Amino acid sequence: MTDLDTLRQSWLTRIADASDEQTLEQVRVGAIGKKGEVALKMRELGKMTPEERQTAGPALNALKNEINSALIARKTALADVALDERLRTEWLDVSLSPRPRQQGTLHPVPQVMEEVTAIFADLGYSVAEGPQIETDWYNFDALNIPSHHPARAEMDTFYMARAEGDQRPPHVLRTHTSPVQIRSMQDRGAPLRIICPGRVYRADYDQTHTPMFHQVEGLALGRDISMANLKWTLEEFCRAFFDVEGVELRFRASHFPFTEPSAEVDIRCSWAGGQLKIGEGDDWLEILGSGMVHPKVLEAGGIDPTEWQGFAFGMGIDRIAMLKYGIPDLRAFFDSDLRWLRHYGFGSLDVPTLARGVNR
């Protein structure tokens, strides 16, 4: 083992001469790798007498530790050199004038969703969500919509393509968030109070309709819930949302397959001077549809209609946003026009709360 000093000096020199990390790794493998020179020396310990091992073993371990320390030190030095080179070549002229910091704005749709959620949360409702691609059973059958209903026609509903011979039920882009009500009834049972906001899809496009828009639907189930509870709930919502104390609603008999009885709801308003004012005047404006949940819909959700009843309602988020903030054309919501967003947008930290009002 008289050559340990020579071995030590040889590897320490190679480590010091390594000019990059790749070369340094090759030196490490050659010295202390599994087949490295130091490792091979340590295998020779088994052939030595106990007395020789007592001397050679500690000397080899000390050599291995010294080489390891030298490798770490050289790697750190190479990293420092690389950093110095980056700092020399990559620099920023801090004397240049910075670009003005721009603050983003929140789109009216998520803002109104937050406003609606805050109001109904105060009334004891939780938020429920569901898939946007639904089976036609959840989207139609479970909601008592018959097979011959016009809403199921391909001119009104986006059906997903199916492979030839596929016998599974067809899937659709949901046409309303009502399927979320069915899923919530199946998962949670009764009693239940939820709202279901989200995207919906219908094959329509004009000044007041787009192929994708946003809805929020509500569902309340209990043992003795009535239309009177529905009327009070909607009045409280409109009073808070439009920030008008004198809210007056008008219920008109209508027909929806999933509610019985059903009613369209109008709100008193004025169009004097071409400006919409909620809560005054002699005009009426339709804002939503509602009614008592049909017994067949309760059964589809796994609820016993002889024991439970309730009401449901639905409204377009984009529509009530237009009414509240004076936006004339629904299509502008999806044009990605920054000028429009800067005009109608909201501060990103402007979180609606009932304590300080959900309005701007």
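Attention in this report is confined to the structure presented alongside it. Small disclaimer: the values here were computed from a predicted structure and weren't measured.

**Details of the packing of aromatic side chains**
- By the definition in use, this model includes 12 aromatic pairs.
- Over the ring of Trp308 we find Arg223, and its NZ or CZ is 4.1 Å from the ring centre.
- In this structure, Lys324 is placed above the aromatic ring of Phe241, and the distance from its NZ or CZ to the ring centre is 4.2 Å.

**A few points about the packing of helix α5 (residues 108-122) against helix α10 (residues 317-325)**
- Two numbers describe how α5 lies on α10: the axes approach to 10 Å, and their chain directions differ by 95°. Comparing their axes, α10 and α5 come out roughly perpendicular. Listed contacts from α10 to Val109, Val112, Met113, Glu115 and Val116 of α5 are Ile317, Asp318, Ile320, Ala321, Lys324 and Tyr325.
- Per-class residue counts for the contact of α5 with α10 are eight nonpolar, no polar and three charged.

**Details of the pairing of strand β6 (residues 212-222)**
- In terms of residue burial, β6 counts as a mostly covered element, since 10 of its 11 residues are buried.
- As defined by bridge partners, β6 adjoins strand β11 (residues 309-316) across eight bridges and the pair is classed as antiparallel. Directly across from Leu221, in β11, lies its bridge partner Gly310.

**Considerations on unusual backbone geometry**
- Put simply, Ala190 and Pro191 share a cis peptide bond, and its omega is 0°.
- Here Pro191 lies in the loop between α7 (178-188) and β5 (192-201).
- Here the amide bond leading from Glu260 into Pro261 is cis, since omega sits at 0°, within 30 degrees of zero.
- Look at Asn144: it is not a glycine, yet its phi comes out positive at around 65°.
- Locating Asn144 in the fold gives a position in the loop between α6 (136-139) and β4 (171-173).

**Brief notes about the side chain of Glu134**
- Within the secondary structure, Glu134 sits in strand β3 (residues 133-135).
- Within the local environment of Glu134, its side chain forms a polar contact with the side chain of Arg183, the two groups lying 2.8 Å apart.
- What Glu134 contacts, discounting residues up to four positions off in sequence, is Asn139, Pro170, His171, Val172, Arg174, Pro179 and Arg183.

**Remarks on α5**
- Here α5 spans 21 Å end to end across 15 residues, near enough to the 21 Å set by a 1.5 Å rise per residue.
- Every buried residue belonging to α5 is among Pro108, Val109, Gln111, Val112, Glu115, Val116, Ala118, Ile119 and Phe120, and all of these are buried.
- The positive-phi residue at the C-terminal boundary of α5 is Gly124, with phi of around 95°.

**Considering the nonpolar core**
- The biggest cluster of nonpolar side chains holds 45 residues, and the ones touching the most others in it are Phe237 and Ile267.
- Every element with two or more residues in this core is listed here: α5, β6, α8 (227-241), β8 (259-270), β10 (283-293), β11, α10 and α11 (338-344).
- In terms of residues, this core owes the most to one element, α10, which gives six residues.
- The next biggest cluster of nonpolar side chains, apart from the first, holds 22 residues, and it includes Met185, Ile194, Trp308 and Ala312.

Thresholds, definitions, all that
- Residues numbered from 1 in each chain as written.
- Predicted model: local features only at pLDDT ≥ 70, side-chain atom pairs only at ≥ 80, totals over all residues.
- Heavy atoms only, no water.
- Phe/Tyr/Trp six-rings, centres within 6.5 Å; stacked < 30°, edge-to-face > 60°.
- Lys NZ or Arg CZ within 6 Å of the ring centre and 35° of its normal.
- Axes fitted to C-alpha atoms, helices over the stretch in contact; angles between N-to-C directions.
- Helix = DSSP H or I, 4+ residues; strand = E, 2+ residues; numbered from the N terminus.
- Parallel < 35°, antiparallel > 145°, perpendicular 65-115°, else oblique.
- Contact = heavy atoms within 4.5 Å.
- Nonpolar A, V, L, I, M, F, W, Y, C, P; charged D, E, K, R; others polar.
- Buried < 20%, exposed > 50% of the residue type's maximum accessible area, 1.4 Å probe, protein only.
- Pairing = 2+ DSSP bridges.
- Polar contact = N/O pair within 3.5 Å; in protein donor to acceptor, adjacent residues only side chain to side chain.
- Expected span 1.5 Å × (residues − 1).
- Core = buried A, V, L, I, M, F, W, Y, C linked by side-chain atoms within 4.5 Å.

All quantities given are derived from atomic positions and should not be read as evidence of function.
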